[in-house]
Every structure is written in structure tokens, then in C-alpha cells.
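# Examination of the molecular architecture
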Amino acid sequence: MPKVSVIIPVYNGSRTIERCVNSLKAQTLKQCEFIFVDDGSTDDTMEHLNKLTFGDNRFIVLQMGKRTDPFQARKMGIAKATGKYIMFLDTDDTFISKACEKAYKKITRKNVDLFLFGSKPISISDTNKDVLKKYAKYLEFENKIRGIYRSQQECHALYFKDTGFGFTTSLAKKIFKADLLKQAMNKLNPEQYLGYGQDLYQLIATMPYINSIYADNRFVLHNYFIGDGVTQLGQNKISIEKYKRLVSSANTYIEIKNFLCNANLSDVDKSNALTCAKKGLLISAQKHLWCLSDENLAQGFAMLREAWKCDYLKNLPLNENLQRVNSFVLESIALSQEIKEEIRMAISNQREKISMVTPLVSVIIPVYNVEKYLRECLDSIINQTYSNIEIICVDDGSTDSSADILKEYSTRDNRITIITKENGGLSSARNTGIDIASGEYLTFLDSDDYLEKEAIQTLYDKASSEQLDILLFCGKSFCENGFTNKVAGNYSACPSLLTKTVSGINFFISSFKCDNHIGTAPLKLFRTAFLKENKIRFIEGILHEDEPFYYEAILAAKRVAKTPEQFYMRRYHAGSITTCEKNSKHVIGKLTGISRILELSKIHQLTGAALEVTMEFISDIANNIASDYYSLKEMELNKLNSLPYDQQHLLKLVLGLTNGKKLAIIEQSFSYKLGFALTKPIRWIIEKAHK
């Protein structure tokens, strides 16, 4: 007679079945039987299983004949088991080699009905690290439950802690006396179908029969693989069909409720069990809503509402991801107006709850004639995983349908604020956004670009935890179909910039030393109070306003860091400021930028490396001016003749002109000419500014 029977329900587990079987083959306790019960697999699991277990009489393979659920599969396994004790295992997990031996020794030596042992969480990929941390945190609580409980009253007190189960409901971390487990299963409805949460139901069903428990999670006998099986639900997208199976937890709750009506338990135990069951099953179904794709979220809400038939929307767990259900989704789903209105109210309530506990982030989006790209830009923000944001859209006098698109979105998402103004340029639009921003942090997004969904959450977490004035991040650029004038690439990070938080000036110096300087306004998260207290604004009425704005901010910042995540998606297309044909405004804007940078370098009294890097910064802008200048048509060149004297003089110095003659431009390449010719004039410019 086997000492231990291990029961393993199977359904489409071909990817992990070998790992599971090998862990059972390695068991040091030889008096074991391993009962696999196939629940109607449709892949090649059975073929793999038969090959893996062939010739080993410890393995028994049973088949249900049709798809039911793991509960029915386990019931069949329990009925077939001949061991004195019973353990359970899922096909995506494993036991250590001495699991059966150690579990058997403990439960027999302690002479108890149930032994609770420990489990080790193992992440199969980096994407599951958050789940791994949460599980490890739960284990810290569970590990405090140690000792022997010799009465039913003590055992039931162990089951429930603060209206939640005192230990995990997973059957895989337990070993039961077989006769008690068989007795409990024989009392249950043989034909009942259970949805998600069968482990919880089976555990509650054993309560009237368990009179002694030994708990010690220091004995880690089980490996729990995060990222396979059920734990995939919390990390990856799931289909609406899989979510339907998940919300079938309502069926499990009904069966638990029916069982408790006639169970030999006290009224207090029945009430506690029912409360814990509802809390565990319902909240799990609610939290997994965010695993659905955007287009399926509203349908998921309705499905959950119908399955549970209760006012679950009034008590949703605080989960920012549920904000992705918006009116765009609702309009595309065939739901009654009553349900749609209920979902809208739930979303509104969620936002109010979240705004009370999470700081606000402002996203400033200047808008001017971008009807072709605006929807993609707005979608990327309203679908952020961090939902407590204000979206400030400044319509800078658009003449296409951009304004209509903004109104459409604002009526369906109350986080969007529209500011309409006469055309004043990008600087004016951004300054308007800064003035009204109420977030703890703010970021700029151009309306023809977009952000990845995790951007705001990740950036805010880092900026707030390190109390940063500026957090720089990375991105990718891409060319619109048919546009080839630019080479798409990445805005990546030099490793030396990612090591620690530094002052703005030190960051500025380091970024030039490793050739990783990016002076644009986007790709940064700014502390709003920092910008407002230092009165940092964009110069209005010019193009290429980013450089002097960034320079002023970086010199004033006390705490700056950079993160390597590529969250910003920058689009190159015909007609944008960076790709259009150059005119005199491009030259004037950059000249104005140099003048402001010189002024700021004097205000901050820069010396040494900071002054040298400023010279390099100005040289870079000067190279761009020269490139623009030599591409101008005659009419645009003539417009530069009307510049004020100081700007004309600066332009001549930048171009390397003295008495109307170009310096060193005869034999050298263009880049060499400027690099050589600009060094001395730029030094002279800075020296004059500092006198």
C-alpha cells in the first residue's frame, strides 16, 4: 500500500508536463503513487504523458472523457487513491525530490490530519518580477503561522485571519489524511460544476473533518512557477473566453454557500467562511479585468456583473488599470444603457478614490493641425496604466479637424482639459500648459508622437521615490510610411548616466562627455513646483525653443537622473518643424537660443568643465545654424539682413565670417570647416558675455 498518493489534474499542459513528471520520478519516498487525471486535453499532453510515464508502475493515468473542471478531476483522483495520505500538484509546478518523504514523516510524527508546508516562488521571466514580490510578501505573513493546533476550534481560527484566509488556499502546499479527505468528498454533489476557485471550495469542504493541523512553512517542499498556468493571468493579456471561465468563480461561491448551509460548523465559522470565500473569489475576478484587451474591458465588466448578480461596482478594489474602460469602448459594445451608465459611474468613482491617494501627473500636449496623428497620441495617454493624470491639450489655433477630435475625446474622458487660443507657436502653447498644470510632476508630449502605456507609472514611481527635479527617459524614433528624409533610430542612454542621482550641472557635463546630450523638452518628467518656483518658461515667438528651456532647467535642478526605458515614440513625417524646408525663422530661433544660453551661463557664473561644456553646447547649435543658413533661398537670406545689429554680429561669428569673408571653407569638408572655424569665435562670444 502506498504511503502517499499525489493527484495531478491535467488540461493542455504539454509545455510543462515533463518538468512536473521528472520532479515526481525523483521522489526519494518509493512507496508513492502518482495519479494524473486528464480533464479532456485537446493538445498533445496525453501523448507526452504516456511516453514520460511508460514502464513506471507508480504512475496511473486516468481520463475524464470530456472537459469538466479541476475539481471533478481531483475527485476522481481521490476516489482512485490508495495511499494513506494525499498530496496535490499542478502540472506547471514541481516538488523537490524529498517532498513526499518529508511531508509523510512530518504528518505521521506530529499525528495530525493536515500538514501545511512551504513553497518557493520561481519567476520564469523578468516580466513576472512584480508578481514574485507580491507572492514573497504574502509568504512573509504566512510564515508566521507555525505550530500544532489540536482542536477544531483552533484549526478554524487558523483558517481565518482578519476576514481573509490565514494561509494560501492552494492544495499543492498541503498533505491530508486520505480517509478524512475521502469522507469530505463523498458528502459533495457528484455532478456539480465548479468554476474558478475550486481549491478554495475543496478546502472549506474539509473543515468539518479536520481536528488537528501542523503548520511550518520553513519546510519548503513545493516550487511555484510564476508565469505559467493561472499566474499568467496577472501578467499577460487574456481572451474574453478565458475571462468568462474566470468569472465562473460565481458558481464556486454558490456551491460554497450551499455546502455551508448544511455543514456541521458553528454559525461563526459558516459566516467567516462565506465572507472569506466571497472576498477571495470576487476580488480575484475584479483584479483580472485589466488583463483583458481594451476592446474587451467593457464586456468583461458586464460579464462579471451578470455572473455575480450584485453591486460589485460600488466596491471595486482600488486598481488604476480599470480606468482603461472608457466611453470609446462602451459605445462599441452591445450593452444596455443601464449597464453602460453603471460602468461610467464606477469609473468616475474609481478616479475619485485614486485621486485621493495618488499624486497627479500633468501631460501637456500642444495641438496644431495634427488631425492625422492626434487620436493615436491621445489614446496613448488615456490608456496609461497610471490613471490619475490631467491631460492638458492646448489647441494653438488649429484650422483642420484637430479641435473636433479634442472635443470628442474630452466628452468621453473628463481628465482632458482643452485650452483654445490664437496661434502663438509651440512655446506659447507649452507655457499655457505649465501655467495651469496642477500635477506634482508634468511632461510634454508632441501631438504627432505617443507614449508607451507604462510610461507615466514607471516615471512617476522613480521620480517621486528619488525626489527628482528632472527625470530623463529614452525613446525611439520612426519614419512615417513614405517618408525617408530622416533615419529612424533610438534615444538611448549612456550607462554612466544611469548610475546615480546628481545635480543638474553635473548631469549636463556628464551627458556631453559620453555624447548622450538630448536637449528636447519631451523625454523628460519635470517636478512642476521646480519649474514654477524658478520661473522657467519657453521663449515665445521662436522656433527651436527647446534648447534654452532645457539649459535653464538643467542648470537650476538639484536632483536629476535618467532611466533607460524607451517610452517616447517620436514620429518623423513631412511637414513637422524638424523635417520641413528651412527658412529664416529657423536661423533666428537658434540665434535667440544661443543668446539666452550665454545670458544664463553668466547668471550662473559658470567656470571650468561647466563652461567648456556650454561652449560645446553652443557649438552644436551653431553647426545647425550654419547648416540651415547655407540651405536658405535668396528671399529668406534677405530677411536676415533686417536683424538687429547684435544678432547680425552673432550670426557672422557663428558662420565664421570676418569682413564678409568665409573662414576655412575652401578645401575642408563642411563639418570640419565649422568645427575648426567656430572654436575661436565661440570662446570669444562666451568671454565677452562673462565680462
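Residues numbered from 1 in each chain as written. Predicted model: local features only at pLDDT ≥ 70, side-chain atom pairs only at ≥ 80, totals over all residues. Heavy atoms only, no water.

### Remarks on the overall build of the protein chain
What counts, and what does not: For helices the rule is a DSSP run of H or I covering at least 4 residues; for strands it is a run of E covering at least 2, with both sets numbered from the N terminus onward. Only protein chains enter the accessibility calculation, which uses a 1.4 Å probe; a residue whose area is less than 20% of its type maximum is buried, one above 50% is exposed, and one in between is partly exposed. Note on areas: these come from Shrake-Rupley sampling with a 1.4 Å probe, and a residue is covered only by the protein chains present in the view.
What the protein chain contains, in helices and strands, is 26 helices and 22 strands. Here the protein chain holds 691 residues, and 54% of them are scored as buried. In the form shown here, the protein chain has an accessible surface area of approximately 31,000 Å², with 50% of it arising from carbon and sulfur atoms.

### Remarks on the side chain of Glu 636
Spelled out, the test is: Two N or O atoms count as a polar contact when they lie within 3.5 Å, although within protein this holds only if one can serve as hydrogen donor and the other as acceptor, and sequence-adjacent residues are included solely when both atoms are side-chain atoms.
Position of Glu 636 among the secondary structure elements: in helix 24 (residues 634–640). Accessibility expressed as a relative area gives 12% for Glu 636, which makes it buried. A distance of 2.9 Å separates the side chain of Glu 636 from the side chain of Ser 584, its partner in a polar contact.

### Notes on the pairing of strand 15 (residues 441–444)
Spelled out, the test is: Here, strands pair whenever DSSP counts at least two bridges between them.
Across the two faces of strand 15 the burial is the same, with Tyr 441 and Thr 443 and Leu 442 and Phe 444 all buried. Direction of pairing for strand 12 (residues 361–367) relative to strand 15: parallel, over a ladder of four bridges. The residue bridging Ser 362 from the neighbouring strand is Leu 442, located in strand 15. The pairing of strand 15 with strand 19 (residues 524–527) spans three bridges and is antiparallel. Counted as the bridge partner of Leu 442 is Phe 526 from strand 19.

### Some thoughts on the confidence of the model for the protein chain
Basically, it comes down to this: Every residue is assigned a pLDDT by the predictor, reflecting its confidence on a scale from 0 to 100. Only heavy atoms enter the contact rule, under which two residues are in contact if any of them lie within 4.5 Å.
Residue-level pLDDT values for the protein chain average 81, and 78% of them are 70 or greater. Ranking the elements of the protein chain by mean pLDDT puts strand 21 (residues 657–658) last with 36 and strand 4 (residues 85–88) first with 98. Overall, residues 317–324 carries pLDDT values under 50, and its contacts beyond four positions in sequence, including any with other chains, amount to 38 contacts.

### A look at the pattern of salt bridges
Rules: Whenever a carboxyl oxygen of Asp or Glu lies within 4 Å of a side-chain nitrogen of Lys or Arg, that contact is scored as a salt bridge.
According to the stated counting rule, one finds 24 salt bridges in the structure shown. Arg 218 is the partner of Asp 216 in a salt bridge, and the nearest nitrogen-oxygen pair spans 2.9 Å. Residue classification places Asp 216 among the buried residues on the basis of a relative accessible area of 3%. Put simply, Arg 412 and Glu 408 hold a salt bridge, and the shortest N to O gap is 3.8 Å. Of this pair, Arg 412 and Glu 408 both sit in helix 16 (residues 402–412), separated by four residues, roughly a single helical turn. Three or more residues are tied together by salt bridges with common partners; here these are Arg 430, Asp 446, Glu 545 and Asp 546.

### What to know about the packing of aromatic side chains
Think of a pair of aromatic rings as described by two things: how far the centres are apart, and how the planes are tilted against each other in angle. Applicable threshold: Here is the rule: rings of Phe, Tyr and Trp (six-membered ring for Trp) pair when centre to centre is within 6.5 Å. Planes less than 30 degrees apart are stacked, more than 60 are edge-to-face, and the remainder are tilted. The rule is short: NZ of Lys or CZ of Arg within 6 Å of the ring centre and within 35 degrees of the ring normal puts a charge over the ring.
Under the criterion given, the structure shown has 22 aromatic pairs. For the ring pair Tyr 85 and Tyr 104, a centre distance of 5.8 Å and an interplane angle of 75° mean the geometry is edge-to-face. Of the two residues, Tyr 85 sits in strand 4 while Tyr 104 sits in helix 4 (residues 99–110), which places them 19 residues apart along the sequence. Per residue, the accessibility class of Tyr 85 equals that of Tyr 104, and both read buried. On the basis of an interplanar angle of 65° and a centroid distance of 5.9 Å, the ring pair of Phe 444 and Phe 526 is categorised as edge-to-face. Here the residue Phe 444 occupies a position in strand 15, and Phe 526 occupies one in strand 19, the gap between them amounting to 82 residues. Accessibility classification places Phe 444 together with Phe 526 in one group, the buried group. Every member of this aromatic cluster is reached through a ring pair, and the members are Phe 444, Phe 526, Phe 538 and Phe 549. Over the ring of Phe 444 we find Arg 430; its NZ or CZ atom is 5.7 Å from the centre of that ring. Looking at Lys 524, its charged tip hangs above the ring of Tyr 550, at a distance of 5.0 Å from the centre.

### Observations regarding the packing of helix 7 (residues 178–186) against helix 8 (residues 198–206)
Definition in use: As a rule, the C-alpha atoms of each element are fitted with a line to give its axis, helices using only the stretch in contact, and angles between N-to-C directions run from 0 to 180 degrees. Under this scheme an angle from 65 to 115 degrees is roughly perpendicular, one under 35 degrees roughly parallel, and one over 145 degrees roughly antiparallel; angles in between are oblique. Residues are grouped as follows: nonpolar covers Ala, Val, Leu, Ile, Met, Phe, Trp, Tyr, Cys and Pro; charged covers Asp, Glu, Lys and Arg; every other residue, Gly included, is treated as polar.
Between helix 7 and helix 8, whose axes approach to 9 Å, the crossing angle comes to 105°. The orientation of helix 7 with respect to helix 8, classified from their angle, is roughly perpendicular. Between helix 7 and helix 8, the residues in contact are Leu 181, Ala 184 and Met 185 and Gln 202, Ala 205 and Thr 206, respectively. Grouping the amino acids of the contact of helix 7 with helix 8 by side-chain chemistry returns four nonpolar, two polar and no charged.

### Description of the environment of Tyr 460
Among the structural elements, Tyr 460 can be located in helix 18 (residues 455–465). For the pair Tyr 460 and Glu 440, spaced 20 residues apart in sequence, the C-alpha separation works out to 9.3 Å.

### With respect to helix 12 (residues 297–308)
Rules: Multiply 1.5 Å by the residue count of a helix minus one, and that product is the helix's expected span.
For helix 12, which comprises twelve residues, the first-to-last C-alpha distance of 17 Å matches the rise-based estimate of 16 Å (1.5 Å per residue) to within 8%. Buried within helix 12 are the following residues: Leu 297, Ala 298, Gly 300, Phe 301, Ala 302, Met 303, Leu 304 and Trp 308.

### Considerations on helix 7
We count it as follows: In this context, the arc is that of the directions from the helix axis out to the C-beta atoms.
Among all positions of helix 7, only Ala 178, Leu 180, Leu 181, Ala 184 and Met 185 are buried. Projected down its long axis, helix 7 shows its buried positions confined to an angular sector of 165°, all on one face. Opposite the packed face of helix 7, turned more than 90 degrees from it, sit the exposed residues Asp 179 and Asn 186. Those residues of helix 7 that are buried are in contact with helix 3 (70–80), strand 4, strand 10 (174–177) and helix 8.

### What about the state of the cysteines?
As a reminder of what qualifies: A pair of cysteine sulfur atoms is labelled a disulfide when the two atoms are within 2.5 Å.
Enumeration according to the criterion identifies zero disulfides in this entry. The thiol of Cys 377 is not disulfide-bonded; the next cysteine sulfur, from Cys 393, is found 7.3 Å away.

### Describing unusual backbone geometry
Here the phi dihedral of Asn 111 falls at roughly 50°; this positive angle occurs in a residue that is not glycine. Within the secondary structure, Asn 111 is located in the loop between helix 4 and strand 6 (114–123). A residue is classified by how much of its surface remains accessible, and Asn 111, at 51% relative accessible area, is exposed.

### Some thoughts on the nonpolar core
Where we set the bar: Among buried residues, the Ala, Val, Leu, Ile, Met, Phe, Trp, Tyr and Cys ones that are joined through side-chain atoms within 4.5 Å form a nonpolar core.
Ranked by internal contacts, the top residues of the largest apolar core, which has 62 residues, are Ile 204, Ile 213 and Tyr 243. Dropping the residues within four chain positions of it, Ile 213 is found in contact with Val 112, Leu 114, Leu 116, Gly 147, Ile 148, Tyr 149, Cys 155, Leu 158 and Tyr 159. Counting 53 residues, the second largest nonpolar core, distinct from the first, contains Phe 530, Leu 606, Ile 618 and Leu 650.

### Description of the environment of Phe 507
Relative to the assigned elements, Phe 507 resides in helix 19 (residues 504–513). For Phe 507 and Ala 557, which are 50 residues apart along the polypeptide, the C-alpha to C-alpha distance reads 9.7 Å. Dropping the residues within four chain positions of it, Phe 507 is found in contact with Leu 472, Leu 497, Val 502, Tyr 550, Ile 554, Val 560, Ala 561 and Lys 562.

### Digging into the pairing of strand 2 (residues 32–38)
Which entries qualify depends on this criterion: A right-handed crossover is one whose linking path, passing over the helix from the first strand to the second, runs clockwise when the strands point away from the viewer.
For strand 2, a buried count of seven out of seven residues is recorded, marking the element as mostly surrounded by other parts of the structure. Residues of strand 2 alternate between two faces, with Cys 32, Phe 34, Phe 36 and Asp 38 on one and Glu 33, Ile 35 and Val 37 on the opposite face, all of them buried. Sheet topology note: the strand 1 (residues 4–10)/strand 2 ladder contains seven bridges and is parallel. What sits directly across from Val 6, in strand 2, is Phe 34. Tracing the backbone out of strand 1, into helix 1 (residues 17–25) and back to the parallel element strand 2 gives a crossover that is right-handed.

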